[in-house]
Amino acid sequence: MSADTLALSADTLALSADTLALSADTLALSADTLALSANGLALSADTLALSADALALQGIAKFNSLGINEMLY
């Protein structure tokens, strides 16, 4: 092989190594994104559960308030 061919082969190998490294970084970022999405969904589920609890407590408070008003009058 000529010197130019060897140099081009070395450059190609270096570019391939860089491409593999970028692919690994991309996969790692995708994994992080999926983990963050899972955390976001879990937080949304918690928020919905807390909202349901708050509505139930409001209903209980309203019921108790009506009962107290009936006893006073």
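Please read all numbers here as calculations on a predicted model, not as lab measurements.

Thoughts on the overall build of the chain
Consideration 1: Looking only at helices and strands, the chain features 1 helix and 0 strands.
Consideration 2: Relative to the 2.2 N^0.38 estimate, which gives 11 Å for 73 residues, the radius of gyration of the chain is 31 Å and therefore markedly larger than a compact globule would have.
Consideration 3: For the chain, the spread of C-alpha atoms along the three principal axes comes to 105 × 10 × 5 Å.
Consideration 4: Taking all 73 residues of the chain together, the buried fraction comes to 0%.
Consideration 5: About 6,300 Å² of surface is accessible on the chain, with carbon and sulfur atoms providing 71% of the total.

Looking at a nonpolar patch on the surface
Consideration 1: On the surface, Ile68, Met71, Leu72 and Tyr73 cluster together into a nonpolar patch covering about 580 Å² of accessible area.
Consideration 2: Position of Met71 relative to the elements: it lies in helix α1 (residues 3-72).
Consideration 3: On the accessibility criterion, Met71 (69% relative accessible area) is exposed.

What counts and what doesn't
- Residues numbered from 1 in each chain as written.
- Predicted model: local features only at pLDDT ≥ 70, side-chain atom pairs only at ≥ 80, totals over all residues.
- Heavy atoms only, no water.
- Helix = DSSP H or I, 4+ residues; strand = E, 2+ residues; numbered from the N terminus.
- Rg over C-alpha atoms; globule rule 2.2 N^0.38 Å.
- Buried < 20%, exposed > 50% of the residue type's maximum accessible area, 1.4 Å probe, protein only.
- Areas by Shrake-Rupley, 256 points an atom, 1.4 Å probe, with all protein chains shown as cover.
- Patch = residues over 30% accessible without salt bridge, like charges linked within 9 Å, V, L, I, M, F, W, Y side chains within 5 Å.
- Salt bridge = Lys/Arg side-chain N within 4 Å of Asp/Glu carboxyl O.

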